[in-house]
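Results of the structural survey
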Amino acid sequence: MSKLIIETKNISKFFHDPMTMQVLKDINMNVTQGEFVSVIGRSGCGKSTLLYILSTMDTDYDGELFIDGVSMKKRKESELALIRNEKIGFVFQFHYLLNEFNVLKNVMLPGLKLGKYSNKEVEARAYEKLKILGIENEALKMPNQLSGGQKQRVAIARSLINDPLIIMGDEPTGNLDKKNGDIVFNIFQELSSVYNQALLIVTHDNEFASKTNRIIEMEDGKII
Amino acid sequence: MKFSLLLSISKSLLLARWSQTLVAAIGVTFSIAMFITLLSFMTGLNDLLDGLILNRTPHVRLYNEIQASKVQPIDYYAKYKNHYNFVSSVKPKNERLEIYNNAAIINTLKKDSRVLGIAPKITAQVFYNVGAIDLTGVINGIDVEAENKLFFFSNYVTAGNYIDLKNTPNSIILGKGAAEKMLTNIGDVIQVTTTKGERMQLKVVGYFQSGLQDLDKVQSYASIKTTQKLLGESNSYITDIQVKLNDINIAPATAIEYKNLFNVESIDIKTANSQFETGSFVRSLISYAVGITLLIVAGFGIYNILNMMIYDKMDSIAILKATGFSGRDVNIIFIVIALSIGIFGGTLGLIFGFGFSALIDQIPFNTASLPTIKTYPINYNPKFYIIGAVFSLITTYMAGYFPSRKASKIDPVIIIRGK
Ligand SMILES: Nc1ncnc2c1ncn2[C@@H]1O[C@H](COP(=O)(O)OP(=O)(O)OP(=O)(O)O)[C@@H](O)[C@H]1O
Ligand SMILES: [Mg+2]
């Protein structure tokens, strides 16, 4: 059996504003190395909420989260930032690139932050990732000079820069047309099969989900 | 390496909004420049006004005063020791203004390490005879060289050469106002009468202009020798000993010490001119208050711009955090932005401040009462530049502190969810 990358134990989440309501109820799930998992479910069932907890950005929950076998309970904000930097790549529905930097620098930033490689090496790695995504020719453009699909591919390249244990995506194709959505999906597929990259992708697209290794379906804050 | 990354992020954020940041920096530049200019000018003016009095006033002056004795014979009488004695119409006895034994006093003072220099002086009441009219006047008999060394005498001699007073026998340097009244020219001979009726012819070798017009109408200068001759006194006659100390602050204590030691009257510069110090102090206080107010206003400018910047960089901050930058990193990024505005604006401010000061220094400023001053006075004290620099850093840091903290506390989930 391959290594568990993400494992949760009875994760529950409450929102208290405007009234107390439980959004996640005793979530127990895991993702193993190299697995391509999709999360589906009706709007408002708690998919995004779960993903934010799994990505360590949301720390206000009950239950326990293990990333790479290590509990995330009672960690300092700076430790969590380091874990996100090193082990998790995140792709959002809206591409979220920094408009002040060109494509290359956008991809490089998390790598520079990690500081594992020299600036030159990080740059070479960034080109490598851009090549995987087929946009190495756009490297020196500014984000606002790219199409939506290209931006999303830059965001994926950025999520790959530190060779994370897992890539998480919250509807990464949600904002793209069919053609671009397919391109992005095929990239995920390739990362999974060729590079053995673990992926956890929230989607509304059942066709997309059906092509993944495993589907986690949620309803009213529970996994069914 | 990591810090340089944060620095480069700061730089990019800053340059992306360069026109706004420029406005903020100009605010700092303006306030620092004003601060420097204001203080340099105000202090220059203060120094000038103080110099008007302080340069020319001895730190301690020893003299004799004609006054009625404080102790009357009846006070010595044992029988009335415990009574109140009322003596009316007490008159001073015919005492001389001379400081007795002044040679010994001067010798003692010369050995005192606190003393910078000594200039003996005689004040003589005279009448200037102008035709049938007598004008009252005062002749100061001075040791020309000592007077020049300690009290910059030559600065105030506006016509003629001050040293002629020493070299030409029976010469006088007239106050400008007195000379105008008497319609004399340099080289003319005037006649003066002492209070005892002695007359003497004196040759005018120069004019003196102190800046205080009332003084110039009355005062004139002659050498000690000439004055002694005029008064018919011996060559040991001296009425004042002017002492300049190394440290003006010990003047009051020293004055009291000398008074008791030499058994003469004494007055120190601080007691005699306390109003000047108050004036200078208030002027400096006002300049600092205005300067610091300007800086604080500039600080609010920076605060505003950073707040705006953080508001519109919310997405970027969220993304930085989501990709592994910690709150502390974000904090540093914005503090660096604030400080760069401060350093850039502040440095320009110091340069402009110096420029403005130098400009003011060139503006002609001619006034009859200040013969030595040709342009507006400026004090180029580095202290102002240091205060300006430090203060610009402190205000920009403070202005950056709260917005940066706010930025570091931004929750990426809220921003990302908000879209
Ligand atoms: N900050 C919040 N305060 C209160 N309730 C919230 C908050 N954020 C989300 N919720 C609620 O939590 C529930 C789950 O939201 P979540 O965003 O996880 O849904 P989702 O499954 O991602 O939906 P969608 O598919 O539309 O993105 C929803 O009912 C939502 O109203
Ligand atoms: Mg969602």
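Reading the values: the criteria
- Residues numbered from 1 in each chain as written.
- Chains lettered and ligands numbered in written order.
- Predicted model: local features only at pLDDT ≥ 70, side-chain atom pairs only at ≥ 80, totals over all residues.
- Heavy atoms only, no water.
- Helix = DSSP H or I, 4+ residues; strand = E, 2+ residues; numbered from the N terminus.
- Rg over C-alpha atoms; globule rule 2.2 N^0.38 Å.
- Buried < 20%, exposed > 50% of the residue type's maximum accessible area, 1.4 Å probe, protein only.
- pLDDT = per-residue confidence, 0-100.
- Near = heavy atom within 4 Å.
- Polar contact = N/O pair within 3.5 Å; in protein donor to acceptor, adjacent residues only side chain to side chain.
- Phe/Tyr/Trp six-rings, centres within 6.5 Å; stacked < 30°, edge-to-face > 60°.
- Lys NZ or Arg CZ within 6 Å of the ring centre and 35° of its normal.
- Contact = heavy atoms within 4.5 Å.
- Buried area = accessible area lost by both parts, 1.4 Å probe.
- Salt bridge = Lys/Arg side-chain N within 4 Å of Asp/Glu carboxyl O.
- Pairing = 2+ DSSP bridges.
- Axes fitted to C-alpha atoms, helices over the stretch in contact; angles between N-to-C directions.

1. Remarks on the overall build of chain A
Of the regular secondary structure elements, chain A holds seven helices and eleven strands. A compact globule built from 224 residues would reach a C-alpha radius of gyration of about 17 Å, and chain A, at 17 Å, matches this within 12%. Referenced to the eigenvectors of the C-alpha coordinate spread, the extents of chain A come out at roughly 50 × 40 × 40 Å. Per-residue burial for chain A yields a buried fraction of 54% across its 224 residues.

2. What about the confidence of the model for chain A?
With 99% of its residues at a pLDDT of at least 70, chain A reaches an overall mean of 89. Between the elements of chain A, mean pLDDT differs from a low of 86, seen in helix H7 (residues 206–210) of chain A, to a high of 93, seen in helix H3 (residues 103–114) of chain A.

3. Structural notes on the site of ligand 1
Contacts to ligand 1 come from 14 residues, most closely from Ser43, Lys47, Ser48 and Thr49 of chain A together with Arg417 of chain B. At the site occupied by ligand 1, nearby residues are drawn from chains A and B. In the model, an oxygen atom of ligand 1 is placed 3.0 Å from a nitrogen or oxygen of the Gly46 of chain A main chain. Interatomic distance of 3.3 Å between a side-chain N/O atom of Glu171 of chain A and an oxygen atom of ligand 1. Those elements that place two or more of their residues in the shell around ligand 1 are strand E2 (21–27) and helix H1 (47–54) of chain A.

4. Details of the packing of aromatic side chains
Residue and element names in this part refer to chain B. The final tally for this structure, using the stated rule, is 22 aromatic pairs over all chains. Relative to Tyr376, the ring of Phe365 has its centre 4.4 Å away and its plane inclined at 20°; by these criteria the two rings are stacked. One end of the pair, Phe365, is in the loop between helix H13 (327–362) and helix H14 (382–408); the other, Tyr376, is in the loop between H13 and H14, with eleven residues separating them in the sequence. The ring of Tyr63 carries Arg61 above its face, with NZ or CZ at 4.4 Å from the centroid.

5. A word on the interface of chain B and chain A
With 28 residues of chain B at the contact, the number on the chain A side is 27 residues. For the chain B and chain A pair, buried surface summed over both sides reaches about 2,400 Å², with 67% attributable to carbon and sulfur atoms. Note that Asp329 of chain B is salt-bridged to Lys113 of chain A, the shortest N-O span being 2.5 Å. Our count for the chain B to chain A interface comes out at six residue pairs in polar contact (both at pLDDT 80 or more). If you list the elements that add at least two residues to the side of chain B that touches chain A, you get helix H1 (2–16), helix H12 (314–322), H13 and helix H15 (412–418) of chain B.

6. Concerning the sheet that holds strand E9 (residues 198–202) of chain A
All names here are of chain A. Judged by pairing direction, the sheet is mixed, and its six strands sit side by side in the order E7-E8-E9-E4-E10-E11 without closing on themselves. The sheet is open, and its two edges are formed by strand E7 (88–91) and strand E11 (222–223), each paired on a single side. Two strands pair when backbone bridges link them, and strand E4 (residues 36–41) and strand E10 (residues 214–219) are joined in this way by five bridges, in the parallel orientation. Residue pairing in the sheet places Ser38 in a bridge with Ile215 of E10. Sitting on the sheet, H1 is in contact with E4, E7, strand E8 (166–170), E9 and E10, with an inclination near 150° to E8. Contacts from helix H2 (residues 77–87) reach E7 and E8 within the one sheet, and its direction differs from that of E7 by about 80°.

7. Focus on the side chain of Thr43 of chain B
All names here are of chain B. By the secondary structure assignment, Thr43 is in helix H2 (residues 18–54). Judged by relative accessible area, which is 15%, Thr43 ranks as buried. Not counting the four nearest positions on each side in its chain, Thr43 is found in contact with Asn379 and Phe384.

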